Amino acid sequence: MARALKTENSSTQAGQALAIIGQNIDMAYDDEGPICQDTGMPTFEIKTPVGANQLVMRKQILEAVGEATKRGKLRPNSVDSITGKNSGNNLGPGTPVIHFAQWEEPDIEVRLLLKGGGCENMNAQYSVPCTLDHLGRADRDLEGVKKCVLHAVWQAQGQGCAPGAIGVCIGSDRAAGYHQAKLQLFRPLDDVNPNPTLARLEEEIMGEANKLGVGAMGFGGQVSLVGCKIAATNRLPACFFVSVAYDCWAFRRLGVLLDAESGAIRKWLYRDPERPVERLVAEGAGFRLTGREIRLEPPLAEEKVRALEVGDVVLINGPLITGRDAVHHYLRHHDAPCDLRGQILYHCGPVMLKDGVRWRTTAAGPTTSSREEPYEADVIHRFGLRGVMGKGGMGKKTLAALEAFGAVYLHAIGGAAQFYARCLPKVTGVYLLEELGVPEAMWVFEAKDFPAIVTMDAHGNSLHEHVAATTGAELEKVGTRD
Ligand code: SF4
């Protein structure tokens, strides 16, 4: 990420996004807080010597996950798929994910990946041969594999919180292919693939992907990918899958090597004790106000909102109300529990802690807005919203509603949960907490200088459509080379 910050032009929207991300990473380190509010699906990959008791280890992992959730390090993320009820402690059928394998070493290796929902939704699996947008036919060869991977990066745009890192598996079956692809995400970013053919492919994909111009948050820019790691496994003669696991800039991994007798930590993985922790943003640098920002103080008047244009940077002061998947579902059949006229609905599932009777926000970045696309136009119309805010942009139906009813889409920086938690110093109310659980409830915050960028305005303009078209044209250059 330090390299990405240096590469990107700091005066562009992508540069500003990276500045906020850099500041956010530093803040999360200082406070030992979640780097992003979506602390993901805890996924443990464990290697044990013969004789290690996996049942005991599983029990200890469950206890540790419950404790980390209680302390606000992990957001309650485990939802019953039938009832929609959040278990509240990240425990439940299938969560956390724990895989054990035996190895010949005397120690126990434990690796943990926290991969959030935004980037998980951007995973992709291709059954080759296939025909891809802007790239044409992908055949059963390495050129075809490259096309599939570049298509996955292009398709993710900002929704997976670019710049991303990807793990790829060529071959295998559908289920094992995805698992193998995810395992590649545990590789250090600067390692070199021992297979020279795959090493070359990784390098080529990195080069091509960073020419596409997706950029941080899909704002258009030079850094779209920070890593590409590929494995190849055998396949059935009839199948040729390319599985892509897309991880976001937050890319949270950690690991330990444990003494199998005592359980003592022998070594941390992904940490170099010789190398001091680098701050990403120098004191006084980072996201800076220019004086051209537009202050928004909800409730907003229609004329104020119609005057906004794509590219404007706004600072929100005043009430900010969250509403994500479950709230949109709820609003299909119910009235809103509070007056939404003139308000901005923030697609966000914060991490909240209760100190006595007071709620405290420990992480509050945006979630992927496109999931609300089927509902948003109706919500804007029925409840008189003047803005919706999230990340990754929204589609044509919402764009038409913004124009028809006088509203804008605001883009906050995905994953910048610590940065934004500081812009939401006060919680003034919460609705539907019992029914929907912490991340899905409707929280009412008092925002203070909360920065966001207008990426869809009330005149039919969408930065997301523009970037998808220009990057699609770049993708076509790859597709016409064979
Ligand atoms: S940085 Fe973005 S994609 Fe990654 S976990 Fe956070 S919200 Fe999800």
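Just above, that's the structure.
Residues numbered from 1 in each chain as written. Predicted model: local features only at pLDDT ≥ 70, side-chain atom pairs only at ≥ 80, totals over all residues. Heavy atoms only, no water.

## Some words on empty space enclosed by the protein
The rolling of a water-molecule-sized probe over the atoms marks out the regions of remaining empty space. Selection criterion: Of the two site types, the cavity is a set of points on a 1 Å grid over the protein atoms alone where a 1.4 Å probe fits but cannot get out, and the pocket is an open set with protein on both sides within 12 Å along at least five of seven lines, each lined by residues with an atom within 4 Å of a point. Grid points are joined across faces, edges and corners, and a volume is the space filled by probe spheres set on the points. Helix and strand labels come from DSSP, where a helix needs a run of H or I of at least four residues and a strand needs a run of E of at least two; each type is numbered from the N terminus. As a working rule, the residues Ala, Val, Leu, Ile, Met, Phe, Trp, Tyr, Cys and Pro are called nonpolar, Asp, Glu, Lys and Arg charged, and the rest polar, with Gly in that last group.
Overall, the coordinates contain one cavity of 30 Å³ or more when judged by the stated rule. One number sums up the size of the largest cavity: a volume of about 60 Å³. If you trace the largest cavity, you find it lined by Gln16, Ala17, Ile20, Phe287, Val313, Ile413, Tyr420, Pro451, Ala452 and Ile453. Mapped by element, the contributors of at least two residues to the lining of the largest cavity are helix 2 (13-31) and strand 20 (442-456). Of the residues that constitute the lining of the largest cavity, the class distribution is nine nonpolar, one polar and no charged.

## Digging into the environment of Met456
When you line up the elements, Met456 lands in strand 20. In the structure, Met456 is positioned 28 residues away from Thr428 in sequence and 28 Å away in space, judged by C-alpha atoms.

## With respect to the side chain of Arg187
What counts is decided by this rule: We call two N or O atoms a polar contact when they sit within 3.5 Å, provided that within protein one can donate a hydrogen and the other can accept it, with sequence-adjacent residues counted only if both atoms are side-chain atoms. Note on contacts: a residue pair is in contact if any heavy atoms of the two residues lie within 4.5 Å.
Relative to the elements of secondary structure, Arg187 occurs in the loop between helix 6 (174-184) and helix 7 (196-209). There is a polar contact of 2.8 Å between the side chain of Arg187 and the side chain of Asp191. When neighbours within four sequence positions are excluded, Arg187 is seen to be in contact with Val192, Asn193, Glu202, Lys229, Ile230 and Arg253.

## A word on the packing of helix 5 (residues 142-156) against helix 7
This is how the line gets drawn: In this analysis an axis means a line fitted to C-alpha atoms, helices contributing only their contacting stretch, and an angle means the value between N-to-C directions, from 0 to 180 degrees. What sets the label is the angle itself: under 35 degrees gives roughly parallel, over 145 gives roughly antiparallel, 65 to 115 gives roughly perpendicular, and the rest give oblique. Handedness of each helix crossing follows the sense of rotation of the near helix against the far helix: counterclockwise by less than a right angle gives left-handed, clockwise gives right-handed.
Contact pair helix 5 / helix 7: the axes reach a minimum separation of 10 Å and the direction vectors enclose 40°. By the criterion of interaxial angle, the relationship of helix 5 to helix 7 is oblique. Between helix 5 and helix 7 lies a crossing whose hand is right-handed. Touching Leu142, Val145, Lys146, Val149, Leu150 and Val153 of helix 5 are Thr197, Leu201, Glu204, Ile205, Glu208 and Ala209, all from helix 7. The residue makeup of the contact of helix 5 with helix 7, split by class, is eight nonpolar, one polar and three charged.

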